[in-house]
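Residue-level structural notes
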Amino acid sequence: FGDLELMFKSSKKFDVYHVETSSNLLRMNQDLDGIFGDLELMFKSSKKFDVYHVETSSNLLELITIISNRIPDEWDQQKIHELELKYPSKYHQPLNSVIRREVRLYNELIFKIQDTLSDAKSALERKQTLQKRNHQLLKALYDERVPEEWKEVSFEGPDSLFDWVMQLRSQIDYLRQWTFEGHPKSIQIRDLFNSRDLFQAVAQHFARKTGTQVENVRFFAEFPNTHEDLEKMTRKHASSVFVSGLHLDGAKWDKEKKSITDLQSLDLSTHLNIVCIFANISQAEKQNQNFSCPVYYRSHQRQNKGRGLLASVE
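Residues numbered from 1 in each chain as written. Predicted model: local features only at pLDDT ≥ 70, side-chain atom pairs only at ≥ 80, totals over all residues. Heavy atoms only, no water.

1. Some remarks on the overall build of the protein chain
Counting secondary structure elements, the protein chain contains 10 helices and 10 strands. Taking all 314 residues of the protein chain together, 39% fall into the buried category. Sequence separation of 24 or more characterises 61% of the internal contacts of the protein chain that already satisfy a separation of 6 or more. Summed over all atoms, the accessible surface of the protein chain reaches about 19,100 Å², with 49% contributed by carbon and sulfur. (Helix = DSSP H or I, 4+ residues; strand = E, 2+ residues; numbered from the N terminus. Buried < 20%, exposed > 50% of the residue type's maximum accessible area, 1.4 Å probe, protein only. Contact = heavy atoms within 4.5 Å. Areas by Shrake-Rupley, 256 points an atom, 1.4 Å probe, with all protein chains shown as cover.)

2. A few points about the packing of aromatic side chains
The final tally for this structure, using the stated rule, is 9 aromatic pairs. With 5.6 Å between their ring centres and 20° between their planes, F220 and F278 make a pair best called stacked. Residue F220 is located in strand β2 (residues 217–222), and its partner F278 is located in strand β8 (residues 275–281); the two are separated by 58 residues in the primary sequence. The same class applies to F220 and to F278, which are both buried. (Phe/Tyr/Trp six-rings, centres within 6.5 Å; stacked < 30°, edge-to-face > 60°.)

3. Describing the pairing of strand β3 (residues 240–244)
Within β3, 5 of the 5 residues are buried, leaving the element largely enclosed by the surrounding structure. Both faces of β3 are covered, namely the face carrying S240, F242 and S244 and the face carrying V241 and V243. In terms of strand pairing, strand β1 (residues 187–188) meets β3 through 2 bridges, oriented parallel. Considered in β3, the bridge of I187 is made with V243. Sheet analysis places β3 next to β8, joined by 4 bridges and oriented antiparallel. Within the sheet, the bridge partner assigned to V241 lies in β8 and is I277. (Pairing = 2+ DSSP bridges.)

4. Structural notes on the pattern of salt bridges
With the rule as written, the count across this model stands at 13 salt bridges. For E149, the salt bridge identified is with R133, shortest N-O distance 2.9 Å. Here the residue E149 occupies a position in helix α7 (residues 148–151), and R133 occupies one in helix α6 (residues 132–142), the gap between them amounting to 16 residues. Look at R133 and you get partly exposed, because its relative accessible area is 27%. Of the charged contacts, one joins R218 and E314 as a salt bridge, the two residues approaching to 2.4 Å between their closest N and O atoms. You can see R218 sitting in strand β2 and its partner E314 sitting in the segment after β10 (309–313), a full 96 residues away along the chain. Residue R218 is classed as partly exposed on the basis of its relative accessible area, which comes to 33%. For E314, a relative accessible area of 15% puts it in the buried group. Members of the salt-bridge network, linked through shared partners, are K112, D115, D119, R133 and E149. (Salt bridge = Lys/Arg side-chain N within 4 Å of Asp/Glu carboxyl O.)

5. Brief notes about the confidence of the model for the protein chain
It should be kept in mind that the predicted coordinates are not to be read in detail where pLDDT is low. Here the protein chain averages 79 in pLDDT, while 77% of its residues score no lower than 70. Every residue in residues 299–306 is under pLDDT 50, and counting partners more than four places away or in other chains gives 9 contacts. (pLDDT = per-residue confidence, 0-100.)

6. Examining unusual backbone geometry
Backbone geometry follows two general trends: most residues other than glycine have a negative phi, and most peptide bonds adopt the trans configuration. Of note, the phi angle at E144 is positive, near 60°, even though the residue is not glycine. Unlike most non-glycine residues, K258 shows phi in positive territory, near 55°. With respect to the helices and strands, K258 occurs in the loop between β5 (252–254) and β6 (259–261). Under the relative-accessibility criterion, K258 is labelled exposed at 63%.

7. With respect to helix α5 (residues 94–125)
Here α5 is 32 residues long and its end C-alpha atoms lie 47 Å apart, about the 46 Å a rise of 1.5 Å per residue gives. K127, located one to two residues past α5, shows a positive phi value of around 55°. (Expected span 1.5 Å × (residues − 1).)

8. Focus: the packing of α5 against helix α8 (residues 161–181)
The description of two helices packed together rests on the angle between their axes and the distance between the axes. At a minimum axis separation of 11 Å, α5 and α8 run at an interaxial angle of 140°. Here α5 lies oblique to α8, going by the angle between them. Considering only the axes of α5 and α8, their crossing is left-handed. Residues L95, V98, I99, E102, V103, Y106, L109, I110 and I113 of α5 form the contact with α8, whose own contacting residues are W164, L168, I172, L175, R176, W178 and T179. Across the contact of α5 with α8, the residue classes tally to 13 nonpolar, 1 polar and 2 charged. (Axes fitted to C-alpha atoms, helices over the stretch in contact; angles between N-to-C directions. Parallel < 35°, antiparallel > 145°, perpendicular 65-115°, else oblique. Left-handed = near helix turned anticlockwise from the far one by under 90°. Nonpolar A, V, L, I, M, F, W, Y, C, P; charged D, E, K, R; others polar.)

9. Here's the deal with the packing of helix α4 (residues 77–86) against α5
Their axes nearest at 10 Å, the elements α4 and α5 cross at an angle of 165°. By the criterion of interaxial angle, the relationship of α4 to α5 is roughly antiparallel. The handedness of the crossing between α4 and α5 is left-handed. From α4, I80, L83 and E84 reach across to α5, where they touch I99, R100, V103 and N107. Its residues assigned to classes, the contact of α4 with α5 comprises 4 nonpolar, 1 polar and 2 charged.

If you want it as structure tokens, here you go:
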């Protein structure tokens with residue numbers, strides 16, 4: 001992945017038809033296929049899970065090494081101190097609390113991954129009788145699933161182990177860019193460890209500023225079309241945040257009518273560009289005009305007893 005990052009940085013501008021860019025994309029596809037193809041072949045060679053079998057044990061040790069090399073280090077105390085100075089806790093800047101909590105969650109997850117992998121690796125190398133937690137961890141890795149112990153402190157991501165690792169790396173890169181370059185103008189919501197914190201921070205900011213009880217705060221959405229719209233919405237809504245990465249399931253947003261309309265194609269969802277999410281109290285005169293839309297981390301979670309529900313936005 002380090003080679004791929006360096007490779008892409010050599011191409012300043014993204015043009016898929018450019019010879020170098022096209023070549024980079026093809027090479028990345030081949031490299032990733034090679035990494036995951038080797039792992040898949042490695043596991044398929046062991047028909048039955050028996051952690052004490054020599055081949056299975058060897059495969060698991062190899063996988064533990066691969067994952068450990070892909071997971072970056074935790075933020076040390078010096079970096080955390082610098083972060084706290086750069087983003088102090090201030091009620092008028094809700095994103096400060098979001099980034100600080102994101103780093104803390106990131107550290108908890110990385111520590112959990114490193115601790116459990118190290119413990120399981122040590123037990124395998126010494127051929128010791130495995131504790132229950134080690135056995136469950138290794139069985140999940142064998143099945144190419146995210147271990148339950150990791151999920152307890154993880155973001156709500158895919159169940160596939162390799163897809164999850166790829167998403168973890170993407171989120172860490174986004175978090176690092178945020179901490180070094182400052183608050184982004186638009187938050188890429190799928191790259192947050194806990195997207196729900198973003199909505200809570202906006203609600204708490206509005207509640208403190210207006211003296212409203214936080215349970216009475218509602219979320220509303222507006223859709224900017226131009227840069228001027230972004231500026232106007234920023235001035236108009238003090239307790240707001242611009243979000244990207246959202247999709248609208250089963251409908252689309254009509255820019256001209258400024259309303260939700262039916263899909264006219266076979267698509268099941270439509271991508272929303274930048275959305276302005278702002279906090280306010282419910283406006284009785286507009287309740288019949290607004291549609292309260294639930295926001296889920298992933299669309300399939302709407303049928304899973306509210307799991308992944310972030311907020312409802314009008």
